[in-house]
Amino acid sequence: MPLPRSLSVTSLPGMEDWDEDFDLEDAVLFEIAWEVANKVGGIYTVIQTKARLTAEEWGENYFLVGPYVESNVRTQVELIEPTNPVLKRTIDQMNASGCKLYFGRWLIEGSPYVILIDVAYTAWSLDSWKSELWELCSIGVPWFDREANDAVLFGFLTAWFLGEYAAQSEEPPHIVAHFHEWLAGLGLVLTRQRQLPVATIFTTHATLLGRYLCAGNVDFYNNLAQFNLDKEAGDRQIYHRYCIERAAAHCAHVFTTVSKITAIEAEHLLKRKPDIVTPNGLNVKKFSAVHEFQNLHAMNKNRIQEFVRGHFYGHLDFNLDKCLFLFIAGRYEFSNKGADLFLEALARLNYLLRVNNSDVTVIAFFIMPARTNNFNVETLKGQAVRKQLWDTAQTVKERFGKKLYESLLVGQLPDVAKMLDKEDFTIMKRAIFATQRQSQPPICTHNMLEDSSDPILNCVRRIGLFNSSSDRVKIIFHPEFLSSTSPLLPMDYEDFVRGCHLGVFPSYYEPWGYTPAECTVMGIPSVSTNLSGFGCFMEEHIADPSAYGIYILDRRFRGVDESCNQLTSFLFQFCKQSRRQRIIQRNRTERLSDLLDWRYLGRYYVAARHMALAKAFPDTFIYDTQEPTSTSGFRYPRPASVPPSPALSRHSSPHHSEAEDNEDDERYDEDLEAEKDRVNIRQPYNYPFKNKVPVAAAAAATPVTNSIADSYVSSKSDRSSEVSSEVSSEISSESSHKGSNKSSEKGSEKGSEKGSDKGSDKGSDKGSDKESDKESDKESDKESDKESDKGSDKESDKESEKGEN
């Protein structure tokens, strides 16, 4: 089933333009999830990174609700007294009734308020609440499912808390409760069943049944409409969980999910189409200097090279300067995460590099936690040998330097033959003999508890990649998450990613995909698939993703063998890139980080909350549900330095030249490309402060129908008009290169007309003084931006080329 682009719910401009007239003074937001101050999986990252932006929007009326886990509270939460009098009365009343609730600040960016519920304290009510759940919803929870028991306790306590808060409020409150995943979903079902005055939102980050089905090697996406859902859930003993998740999706005022591919999945498995897609974002920290992230890549790459020197001691017969580091990381789901496809592609890549006599060596890291009992002795020995060699070299260097110094003091040129004596040669020979090794470098860095049945190791044995000297592809399996305190590879995950050249994530089931998103933010190219939310999002917003270092693998409409060949082609073309081409590609990849910033993607959550308030309280809040009739997604154009190719599968890269470092042969203008990308991406969304407009005025106001892109075009009209016609013509010509972009051009033209009208209307209402001030500010800002960009571009090219290899 193809993903339609005619109506894009994840297009950045395809959203209503909410101004400050949506008053939240009388509203309060409770965001409820099992992973609030309790790291279990990716939802923790979503809530943690989004908290700062949500706190800016809601201020003192934003509260996170989660479970009380003492070990996490000690290190992450500062317990304080509630400042909200209604909330204080609510917590006191519940604590007096036999519950245990804690209030504090979560010590993360934004310092949001948290309400932590001790579910174990009320475990005595589990049986009665299970009976009530059966009577109300006909959902039976077995006694042996501890996770489901926790969900029942957490759900009833959450509904109790929301009802108590509404009862303690002096005036009828406007409560928004946002529930994440099925573990919190029961609270939503009870809230609606008890008819509490609460606007509810339910977000599923991955459907329960979808994850279980994909883990069982089922042809999932081609059979979505054919599954017997009740039978499949019952066969896997998760029918009660599935019922809770499906009930929450149907009871919510607004149902959301994280990607278009998961929206299709939810529509078939949960039988409700999501109202809006809310992509996951990150807090992007931009560097003041353009080339700084390139320097970080070079620095961390050197640290990885040091580990490689020790791991391959005795067999270091390849050039580290022509060595590429690839990696895959995440939960150890061998098929779901695409580790099986990656290994098969590596075997085929090894063959291509050997038959083409390539001097490039590829080292592929597998960072997936598995059951181990300790480090591999041979791996630890390699790092010890490397350190010993380094110490030996330093000793000889000091002796050599002392003799050289004494020779120069007496005014004589040193006799090279006498600079190193027999003792020095003896020390060096002993060090060389210590590096001799009879066995091959190890594949796994740890001792596996289930070595014979481990999927990765068994696949390595089948394809025959044993790190031999004839192989151009080497494999290192690190079955443990990275840490800076590790004696083996002392690097945090972020530093490790920055030091690699390419992240490979050919997942079969990936509702969003934070790992390729993190690579993009750090300026590292990555491979994703059209079955991941991240891949679909990037395909929608970038005309030629591979030119920006985002390789989208087709796993939806191709067989396994075809997908493997495509991945092999991606990897082989990447290996053929020159050093300068990789630098250019990383510059482009890093520029895409704005797409993944919460200041852009947070607006989807804003729209979801506004939609829920309008549905729950229609007399106070208004939401215009009019949908755009044409393609409304903006598209990054193909970079000007990329030659157009009729073959879509061909790798997009700058023009190949015989001399790698000859800048005259490259059709690449960093200044022009960066300016074009700045035109395509709008300014970050600034959340409005509350108390701007009364609620009555908000209800009487005419619904806003123009899109965010329209307001951006009007605000940027002066700047974009000053960009030369060459830039706009190149954008249109590149976007018209593919026939599928015609509709998006029409949508953008319509949006620009609407935006200009809107801008002129707003401008006429406001004074001419403000207009002149804004224009002068924009002109001065643009001039300063151009001067700083031009001044830093040359430096960035030089610095990044020095730092690459």
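For the structure itself, look to the data block above.
Basis of the calculations
- Residues numbered from 1 in each chain as written.
- Predicted model: local features only at pLDDT ≥ 70, side-chain atom pairs only at ≥ 80, totals over all residues.
- Heavy atoms only, no water.
- Helix = DSSP H or I, 4+ residues; strand = E, 2+ residues; numbered from the N terminus.
- Buried < 20%, exposed > 50% of the residue type's maximum accessible area, 1.4 Å probe, protein only.
- Contact = heavy atoms within 4.5 Å.
- Core = buried A, V, L, I, M, F, W, Y, C linked by side-chain atoms within 4.5 Å.
- Salt bridge = Lys/Arg side-chain N within 4 Å of Asp/Glu carboxyl O.
- Expected span 1.5 Å × (residues − 1).
- Polar contact = N/O pair within 3.5 Å; in protein donor to acceptor, adjacent residues only side chain to side chain.
- Axes fitted to C-alpha atoms, helices over the stretch in contact; angles between N-to-C directions.
- Parallel < 35°, antiparallel > 145°, perpendicular 65-115°, else oblique.
- Left-handed = near helix turned anticlockwise from the far one by under 90°.
- Nonpolar A, V, L, I, M, F, W, Y, C, P; charged D, E, K, R; others polar.
- Pairing = 2+ DSSP bridges.
- Right-handed = clockwise from strand over helix to strand, strands pointing away.

### Concerning the side chain of threonine 122
- You can see threonine 122 is positioned in the loop between strand E5 (113–117) and helix H4 (126–137).
- Threonine 122 gets classed as buried once you look at its relative accessible area, which sits at 1%.
- For threonine 122, the contacting residues outside a window of four places in its chain are Gly98, Cys99, Trp129, Leu153 and Leu157.

### Focus: the nonpolar core
- Counting residues in hydrophobic clusters, the biggest one holds 75 residues, and the most contacted among them are Phe30, Ile32, Leu87, Ile115, Leu162 and Phe220.
- Counting residues per element, this core draws most heavily on helix H5 (residues 146–168), at twelve residues.
- If we skip the residues at most four places from it in the chain, phenylalanine 30 touches Phe63, Val65, Leu87, Ile115, Phe161, Leu162, Tyr165, Ile175, Val176, Ala177 and His178.
- The next biggest cluster of nonpolar side chains, apart from the first, holds 68 residues, and it includes Ile304, Cys444, Leu502 and Cys519.

### A look at the pattern of salt bridges
- One pass over the structure, following the stated rule, counts 37 salt bridges.
- Aspartate 471 serves as the salt-bridge partner of arginine 354, at 3.7 Å between the closest nitrogen and oxygen. One end of the pair, arginine 354, is in helix H12 (residues 339–355); the other, aspartate 471, is in the loop between helix H16 (455–463) and strand E14 (473–478), with 117 residues separating them in the sequence.
- Notably, a salt bridge pairs aspartate 391 with lysine 387, separated by 3.4 Å at the nearest N-O pair. Of this pair, aspartate 391 and lysine 387 both sit in helix H13 (residues 377–409), four residues apart, roughly one helical turn.
- If you follow the salt bridges from partner to partner, you end up with Arg399, Lys403, Asp421, Glu423 and Asp424 in one network.

### A closer look at helix H15 (residues 422–434)
- Counted at 1.5 Å a residue, the expected span for H15 with its 13 residues is 18 Å, and the 18 Å between its end C-alpha atoms agrees.
- Where H15 begins, the capping side chain belongs to aspartate 421, and its oxygen is found 3.2 Å from the backbone nitrogen of glutamate 423.

### Re the environment of asparagine 222
- If you trace the backbone, asparagine 222 turns up in the loop between helix H7 (208–215) and helix H8 (229–235).
- Classification of asparagine 222 as partly exposed rests on a relative accessible area of 48%.
- Here the alpha-carbon distance between asparagine 222 and phenylalanine 557, two residues 335 residues apart in the chain, equals 9.1 Å.
- Within the local environment of asparagine 222, its side chain forms a polar contact with the side chain of aspartate 219, the two groups lying 3.2 Å apart.

### Quick word on the packing of H12 against helix H20 (residues 560–575)
- Put simply, H12 and H20 touch, their axes get as near as 8 Å, and they point 50° apart. By the criterion of interaxial angle, the relationship of H12 to H20 is oblique. The interaxial crossing formed by H12 with H20 has right-handed handedness. Contacts between H12 and H20 pair Leu341, Phe342, Glu344, Ala345, Leu346, Arg348, Leu349, Leu352 and Leu353 from the former with Val560, Asp561, Ser563, Cys564, Asn565, Leu567, Thr568, Leu571, Phe572 and Cys575 from the latter.
- The residue makeup of the contact of H12 with H20, split by class, is 13 nonpolar, three polar and three charged.

### Observations concerning the side chain of asparagine 300
- Take asparagine 300: it is sitting in helix H11 (residues 292–311).
- Within the structure, asparagine 300 has its side chain in polar contact with the backbone oxygen of leucine 296 (distance 2.8 Å).
- Asparagine 300 has contacts with Met491, Asp495, Arg498 and Gly499, leaving out every residue within four places of it along the chain.

### Some thoughts on the sheet that holds strand E6 (residues 174–180)
- Strand order in the open sheet made by the nine strands is E3-E4-E5-E2-E1-E6-E7-E8-E9, with mixed pairing throughout. Strand pairing shows two members of the sheet lacking a second neighbour, strand E3 (77–79) and strand E9 (276–277), which therefore form its edges.
- As defined by bridge partners, strand E4 (residues 101–106) adjoins E5 across five bridges and the pair is classed as antiparallel. Residue pairing for E5: leucine 101 is matched across the bridge by isoleucine 117.

### Some thoughts on the pairing of strand E7 (residues 198–204)
- The buried count for E7 comes to seven of seven residues, which makes it a mostly enclosed element.
- Side chains Val198, Thr200, Phe202 and Thr204 project from E7 onto one buried face, and the interleaved Ala199, Ile201 and Thr203 project onto a second face that is buried too.
- For E6 and E7, the ladder comprises six bridges, and the chain directions are parallel. Residue pairing for E7: isoleucine 175 is matched across the bridge by valine 198.
- Regarding the hand of the β-α-β motif, the stretch spanning E6, helix H6 (residues 181–193) and E7 is right-handed.

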